[in-house]
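What follows is each chain in one-letter form.
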Amino acid sequence: ELTVVAVAIGFVISLVLALVAVRWRWTYEPLAGICSVLYAIPSLALFGVLVAIPFFGLGFRTALVALVSYTMLILLRNIVAGLDGVSPAVREASDGMGYERWRRVLRVDLPLATPSIVAVSLARSEATA
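Here's what I pulled together on the structure shown here. Computed from a predicted model, the values in this text were never measured in an experiment. Note on numbering: residues in each chain are counted from 1, in written sequence order. Local features in this predicted model are restricted to residues whose pLDDT is 70 or higher, and side-chain atom pairs enter the listing and the counts only when it is 80 or higher, whereas totals over whole chains, interfaces and linings include all residues. In computing side-chain properties, one takes all heavy atoms of the structure into account and sets aside hydrogens as well as water.

Quick notes on the overall build of the protein chain
In DSSP terms, a helix is any run of H or I states spanning at least four residues, a strand is any run of E spanning at least two, and both are numbered starting from the N terminus. Broken down by element type, the protein chain carries seven helices and zero strands. The linear arrangement of helices and strands in the protein chain, starting from the amino end, is α-α-α-α-α-α-α. Three labels apply to residues, based on accessible area from a 1.4 Å probe with only protein chains included: buried if under 20% of the type maximum, exposed if over 50%, partly exposed otherwise in between. Within the span of the protein chain, comprising 129 residues, buried residues form 33% of the whole. Contacts between residues were defined by any pair of non-hydrogen atoms, one from each residue, lying within 4.5 Å. Considering only intrachain contacts with a sequence separation of at least 6, the fraction spanning at least 24 residues in the protein chain is 72%.

So this is what it looks like as structure tokens:
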């Protein structure tokens, strides 16, 4: 349950950050840097740094904060890579069909990027195992 909730929350946060990073390219490096710092902090130090224990106590929420911060870097990079992999011809065709930017992202870019996002995620998780 903890893993599913952490990945779901991390995915939503990372999706928003990735959409910002794809729209405004200059934001990708700072966002990835912040996520890298969160990823690099060991779990016990993370609790001390975030001072999560006084706010959340020991338990589900404290572990959730750590796990969400770990998922964000991997998901941010994978979503940006997946969205970058969508063919410009497909984007141009969807624009020509009258899709607005947000609708194109939801109906064209994300569905086409999903296999790439999942494949890269699985490859990275197997490499770390």
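Re the side chain of Ser14
Its place among the elements puts Ser14 in helix α1 (residues 2–23). Of note is the side chain of Ser14, whose polar atom sits 2.8 Å from the backbone oxygen of Gly10. What qualifies as a polar contact is a pair of N or O atoms within 3.5 Å, subject to a donor-acceptor requirement within protein and to the restriction that residues adjacent in sequence count only when both atoms come from side chains. Separated by 3.3 Å, the side chain of Ser14 and the backbone oxygen of Met72 make a polar contact. In this view, Ser14 contacts Thr71, Met72, Leu75, Leu76 and Ile79; residues no more than four positions away in its chain are not counted.

Some thoughts on α1
A helix's residues, less one, multiplied by 1.5 Å, set its expected span. In this model α1 runs 31 Å from its N-terminal to its C-terminal C-alpha over 22 residues, within 8% of the 32 Å that 1.5 Å per residue would give. Among all positions in α1, only Ala6, Gly10, Ser14, Leu15, Leu17, Ala18 and Ala21 are buried.

Section: the nonpolar core
As used here, the term nonpolar core means buried Ala, Val, Leu, Ile, Met, Phe, Trp, Tyr and Cys residues forming a set that is joined through side-chain atoms within 4.5 Å. With 22 residues, the main nonpolar core has Leu17, Tyr28, Cys35, Leu76, Ile79 and Val80 as its most contacted residues. For this core, the secondary structure elements donating two or more residues are α1, α2 (28–40), α5 (60–84) and α7 (101–128).

A closer look at the pattern of salt bridges
Oppositely charged side chains can form a pair if their charged atoms are brought close together. Between Lys or Arg on one side and Asp or Glu on the other, a salt bridge is scored when a side-chain nitrogen of the former is within 4 Å of a carboxyl oxygen of the latter. Considering all chains together, one arrives at four salt bridges under this definition. Residues Asp95 and Arg104 are paired through a salt bridge, measuring 3.2 Å at the closest nitrogen-oxygen approach. You can call Arg104 buried: its relative accessible area is 10%. Here Arg104 makes a salt bridge to Asp109, at a shortest N to O gap of 3.3 Å. Since its relative accessible area comes to 3%, Asp109 is described here as buried.

Let's talk about helix α6 (residues 88–96)
Its side-chain oxygen placed 3.2 Å from the backbone nitrogen of Ala89, Ser87 serves as the N-cap of α6. Just beyond α6, the residue with positive phi is Gly98, at close to 100°.

Things to note about a nonpolar patch on the surface
Without a salt bridge and with relative accessible area above 30%, a residue can belong to a patch; like charges are then joined within 9 Å and nonpolar side chains (Val, Leu, Ile, Met, Phe, Trp, Tyr) within 5 Å. The method behind every accessible area is Shrake-Rupley, applied with a 1.4 Å probe, and residues are considered shielded solely by the protein chains displayed. A surface patch of nonpolar side chains, amounting to about 250 Å² of accessible area, comprises Phe11, Val12 and Val16. One can find Val16 in helix α1.

Thoughts on the packing of α2 against α5
Comment: axis = line fitted to C-alpha atoms, over the contacting stretch for helices; angle = value between 0 and 180 degrees taken between N-to-C directions. Between α2 and α5, whose axes approach to 7 Å, the crossing angle comes to 150°. As for the relative orientation of α2 and α5, their crossing is left-handed in sense. For the pair formed by α2 and α5, the contact residues are Tyr28, Leu31, Ala32, Cys35, Ser36, Leu38 and Tyr39 on the first element and Ser69, Tyr70, Met72, Leu73, Ile74, Leu76, Arg77 and Val80 on the second. Tallied by class, the residues present in the contact of α2 with α5 amount to 12 nonpolar, two polar and one charged. Crossing handedness is read from the near helix: turned anticlockwise from the far helix by less than a right angle, it gives a left-handed crossing, and turned clockwise, a right-handed one. In this classification, Asp, Glu, Lys and Arg are treated as charged, Ala, Val, Leu, Ile, Met, Phe, Trp, Tyr, Cys and Pro as nonpolar, and every other residue, Gly included, as polar.

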